[in-house]
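Descriptive structure summary
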Amino acid sequence: MDVRLPLFVVTPIFGAIIILLVGKWDKKIFPRVWSIITMAFLLLLIFLTWNKGTLLHFMGGWEPPYGIVLVEDSLSLLILLIINVVGFLSIVFSYSYILRYEDYLRFFSMFLLMIAGMNGVAIAGDLFNLYVFLEIASIASYALVGYGVGPEELEASFKYLILGVLASTLILFGIAIIYAATGSVSMADVARFLINNPGNRAVLLASGFFLMGFSLKAGLVPFHAWLPDAHPAAPAPISAMLSGVLIKVLGIYAMIRVFYHVIGITPMVSQIFIGMGGLSMVVGALMGFGQDDMKRLFAFSSISQMGYVMIGIGLGTPLGIFGALFHLLNHAGYKSLLFLSSGAIERETRTRKLSELGGLREKMPVTSAASVVGSLSISGVPPFNGFWSKLIILLAAFQSRNFLVAGIVVFTAFLTLTYYLRFQKNAIFGSVSEKVKGAHEAPIPMVMPLVIFAIFCLLIGVFNHTIISGIIIPAGQILLDRAGYIMSVLGGV
Amino acid sequence: MDKHTGMTPIVKMITEVLCGLMLVFGAFIVLYGHITPGGGFPGGVMIALVYILITLAYGRVIVERKVSGIIASVVDDIGALIFWSVGMIGLFVGGSYLFNFLGKGSPFHILSAGTIIINNIAITLKVGMCLYAIFLALAILQRVVIDEPKEEEE
């Protein structure tokens, strides 16, 4: 029993409430400072619970399988690390970025609620709490996507709302079926029941609902319609959070947790994962080609990169899982970097169109250098981090003799490089365009997160062995060890 | 009281009679939530409905004199804060969030089940004022939508 676990959820919720309350008197400084303090505290919490094995917390003192249990194992730790590091840097970025909007209170309050929801998803030990936290994060994100309240933002937010609610409903149906079939919503208890009583066909239906629901949240290809609208419409720090964290936590993480630990992975589900992953990779990359809007290009690239993760998870081999989790971490880094840099560029030049940009490296050298690092990382150029995770996924595909998948992986890497070269050529290099002439380097709170992300991309790439053996392999081993998860939560109850 | 706003005298009269009863019933649902069906959420909805009913019958201006949007929002936050505090006291006293640190009392009496009654009241404040604030926000939005074309005509 660990007393620190609930703090991951209740600290940001407290921050969200207190910002709204104190914000009645101080609208400008307090929300920004308090949210930075909250995120710094969460980073400290991660540091305190780092590599302590599987930590449990029984809410209200009620033990599983009857009470609510919070679980932090290595996989949760990896996800918590992604959420809170990206969240912290996005909040720091928002310190200056938010000046263009009027209402600070609701932005930071919603932001912290979204963090609370995602932290909750990462440490939820039962299906229903997973759903509740997923809804908290989703509802906060619907509001944040429409934060600019222009026609484009509201349309994107509404579209996202409808599809997000559909996804949540499907997930809730799945949970209801699981509850009816097994009599429990505690993940470990359900898993134990399903191991002892195999062949329950209701679970197959629940799997279908979960697949659709989580794929909608993750924006995988047949379910991706909301993503290319929602990401560009949101303010830049929110785009970074949506693409860098939200689709991973609510979509991919929840999906792998449910399928690997609760329901148990079957060859059919693996094949669907690989199919959706391959489709997402190719379609996302091809759609990325024609985009003139910088943020829309990044959004399609997110779909494509999530495909890599799904392929790795679908292969199901240890190497595939490690590659997928490593790619999850890397993608959070460089995609947040790219979205934040697009925010800095948009703030200075008032445009997101690649055709109107050009020569940014002369006017905004640090931002340009950071976005070049980001685009080289995402294209898979060594020694940056994207290369290693793509290589591991490729090796995993070869190792499991899926040559078609390996071919798609290489082809998509090539496509990604092509359209990111186009982004660099049109925006960063070339002659200075009309709109870029008046641009200056963004203020320090906006540049600093970009530089830190760029350093992360380089360091993770160079010291990839340390990262893989320190974070990725323990997380992957947890994921592959279903019986170990049940034992560690229920403890022989 | 402004006689020219709101609905007909019949509706106003019935509202006047009903409001007190609804508030009492809402409070009953909240306070007995831990021993009978009910609790903070349904009770809070009923209390919010009282304010919404007054808004519909008498108009927004009258009800905002009693409870303005800002007060609703502050009470809403305070409700959430009370729930949070009860959970945190549990964390410090008993080592787990929402730990029941008060005595259990005797069953089927109003002072039983420890912290649940405090949490019910906190949820009532949160839900009741939140729904009322949402309703006020919608009413403001309606005013904006109706007013806008007039400005264009001018």
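Refer to the structure presented above.
Below is a summary of the structure that appears in this document. Note that this is a predicted model, so its numbers are computed, not measured.

Another aspect to go through is the overall build of chain A. Within chain A one finds 20 helices and 2 strands. Among the 493 residues that make up chain A, the fraction classed as buried is 63%. Within chain A, residue pairs in contact and separated by at least 24 positions form 82% of the contacts whose partners lie at least 6 positions apart. Separation between the mean location of the 30 positive side-chain charges and that of the 23 negative ones in chain A comes to 4 Å.

Glancing now at the pattern of salt bridges. All names here are of chain A. Counted by the stated rule, this structure contains 15 salt bridges over all chains. Taking the shortest distance from any N to any O, the salt bridge between Asp103 and Arg106 comes out at 2.8 Å. We classify Asp103 as partly exposed; its relative accessible area is 28%. Linking Glu152 and Arg352 is a salt bridge whose minimum nitrogen-to-oxygen distance equals 3.6 Å. Residue Glu152 is found in helix H6 (residues 151-182), and its partner Arg352 is found in the loop between helix H13 (318-349) and helix H14 (360-363); the two are separated by 200 residues along the sequence. Take Glu152: its relative accessible area is 44%, and that puts it in the partly exposed class. The class of Arg352 is buried, set by a relative accessible area of 13%.

Let us look at the side chain of A:Thr412. Residue and element names in this part refer to chain A. Inspection of the secondary structure assignment puts Thr412 in helix H17 (residues 403-428). A relative accessible area of 0% places Thr412 in the buried class. Among all residues touching Thr412, those that are not within four sequence positions of it are Met281, Val282, Ala285, Ser304 and Tyr308.

Attention now moves to the packing of helix H15 (residues 365-379) of chain A against H17(A). Residue and element names in this part refer to chain A. Running from N to C, H15 and H17 cross one another at 165°; their axes reach a closest spacing of 8 Å. When the axes of H15 and H17 are compared, the pair comes out roughly antiparallel. H17 is crossed by H15, and the crossing has left-handed handedness. Along its contact with H15, which presents Ser368, Ser371, Val372, Ser375, Leu376, Ile378 and Ser379, the element H17 presents Ala413, Thr416, Leu417, Tyr420, Phe423, Gln424 and Ile428. Looking at side-chain class alone, the contact of H15 with H17 contains 8 nonpolar, 6 polar and no charged residues.

Let us look at helix H18 (residues 444-462) of chain A. Residues and elements named next belong to chain A. End to end, H18 covers 26 Å across 19 residues, agreeing with the expected 27 Å (1.5 Å per residue, within 8%). For H18, the complete set of buried residues consists of Met446, Val447, Pro449, Leu450, Phe453, Ala454, Cys457, Ile460 and Gly461. For H18, the buried positions fall inside an angular range of 165° around the axis, keeping them on one side. Elements that come into contact with the buried residues of H18 comprise helix H3 (74-97), H13, H15, helix H16 (385-399) and helix H19 (464-480).

Note that the residue after A:Pro64, namely A:Pro65, is joined by a cis bond; omega there is 5°. Tracing the chain through its elements places A:Pro65 in the loop between strand S1 (55-58) and strand S2 (69-72). Residue A:Pro383 is bonded to the preceding A:Pro382 through a cis peptide linkage, with omega at 10°. Topologically, A:Pro383 is positioned in the loop between H15 and H16. In this structure, A:Arg350 is a non-glycine residue whose phi angle is positive, near 65°. The residue B:Phe108 is not glycine, and still its phi comes out positive at about 65°. With respect to the secondary-structure elements, B:Phe108 resides in the loop between helix H4 (69-94) and helix H5 (116-153). B:Phe108 sits in the exposed class, given a relative accessible area of 71%.

Here the focus is the interface of chain A and chain B. In this complex, chain A contributes 16 residues to the contact, which on the side of chain B involves 14 residues. Together chain A and chain B conceal approximately 1,300 Å² of surface at their shared face, both sides included; 78% is due to carbon and sulfur atoms. For chain A, the biggest contributors to the area lost against chain B are A:Ile17, A:Leu21 and A:Lys24; these three give 35% of the whole. Top contributing element to the side of chain A that touches chain B by residue count: helix H1 (residues 7-22) of chain A, with 7 residues. A class-by-class count of the residues in the side of chain A that touches chain B yields 12 nonpolar, 3 polar and 1 charged.

The next subject is the side chain of A:Glu135. For A:Glu135, the position within the fold is in helix H5 (residues 127-145). For the buried residue A:Glu135, which engages in no salt bridge, the nearest side chain bearing the opposite charge is A:Lys217, 4.4 Å off.

The next subject is the packing of aromatic side chains. Residue and element names in this part refer to chain A. Taken as a whole and judged by the stated rule, the model has 26 aromatic pairs over all chains. Note on Phe30 and Trp34: the rings are 5.6 Å apart at their centroids and 20° apart in plane angle, and the pair reads as stacked. In this pair, Phe30 and Trp34 both sit in helix H2 (residues 29-48), 4 residues apart, roughly one turn of the helix. Among the residues examined, Trp34 registers a relative accessible area of 26% and is labelled partly exposed. Measuring from ring centre to ring centre gives 5.7 Å for Phe210 and Phe214, while their planes differ by 10°; the resulting arrangement is stacked.

It is worth spelling out the packing of helix H12 (residues 294-315) of chain A against H13(A) at this point. Residues and elements named next belong to chain A. Packing of H12 against H13 leaves a shortest axis separation of 8 Å and a crossing angle of 175°. Between H12 and H13, the angle is such that the two are roughly antiparallel. The residue inventory of the contact of H12 with H13, partitioned by class, reads 14 nonpolar, 8 polar and 3 charged.

The next thing to look at is the nonpolar core. Residues and elements named next belong to chain A. Core analysis: the largest hydrophobic core is formed by 181 residues, its most contacted members being Met118, Phe210, Phe214, Leu325, Phe423 and Ile472. A total of 20 residues in this core trace back to one element, the largest contributor, which is helix H10 (residues 236-263). Look past the residues within four positions of Met118 in its chain and what remains in contact with it is Ile83, Ala137, Met241, Val245, Leu246, Val249 and Leu250. Tyr308, Leu315, Leu394 and Ala406 belong to the second-largest nonpolar core, a separate cluster that totals 13 residues.

Two faces, one strand: in a regular strand the side chains alternate between the faces of the sheet. Residues and elements named next belong to chain A. Burial along S1 is two-sided: Leu55 and His57 and Leu56 and Phe58, pointing in opposite directions, are all buried. As paired strands, S1 and S2 are joined by 4 bridges and run antiparallel to one another. Paired with Leu55 across the bridge in S2 is Glu72.

How each quantity is defined
Residues numbered from 1 in each chain as written. Chains lettered and ligands numbered in written order. Predicted model: local features only at pLDDT ≥ 70, side-chain atom pairs only at ≥ 80, totals over all residues. Heavy atoms only, no water. Helix = DSSP H or I, 4+ residues; strand = E, 2+ residues; numbered from the N terminus. Buried < 20%, exposed > 50% of the residue type's maximum accessible area, 1.4 Å probe, protein only. Contact = heavy atoms within 4.5 Å. Lys, Arg positive; Asp, Glu negative; His and termini not counted. Charge placed at Lys NZ, Arg CZ, Asp CG, Glu CD. Salt bridge = Lys/Arg side-chain N within 4 Å of Asp/Glu carboxyl O. Axes fitted to C-alpha atoms, helices over the stretch in contact; angles between N-to-C directions. Parallel < 35°, antiparallel > 145°, perpendicular 65-115°, else oblique. Left-handed = near helix turned anticlockwise from the far one by under 90°. Nonpolar A, V, L, I, M, F, W, Y, C, P; charged D, E, K, R; others polar. Expected span 1.5 Å × (residues − 1). Arc of directions from axis to C-beta. Buried area = accessible area lost by both parts, 1.4 Å probe. Phe/Tyr/Trp six-rings, centres within 6.5 Å; stacked < 30°, edge-to-face > 60°. Core = buried A, V, L, I, M, F, W, Y, C linked by side-chain atoms within 4.5 Å. Pairing = 2+ DSSP bridges.

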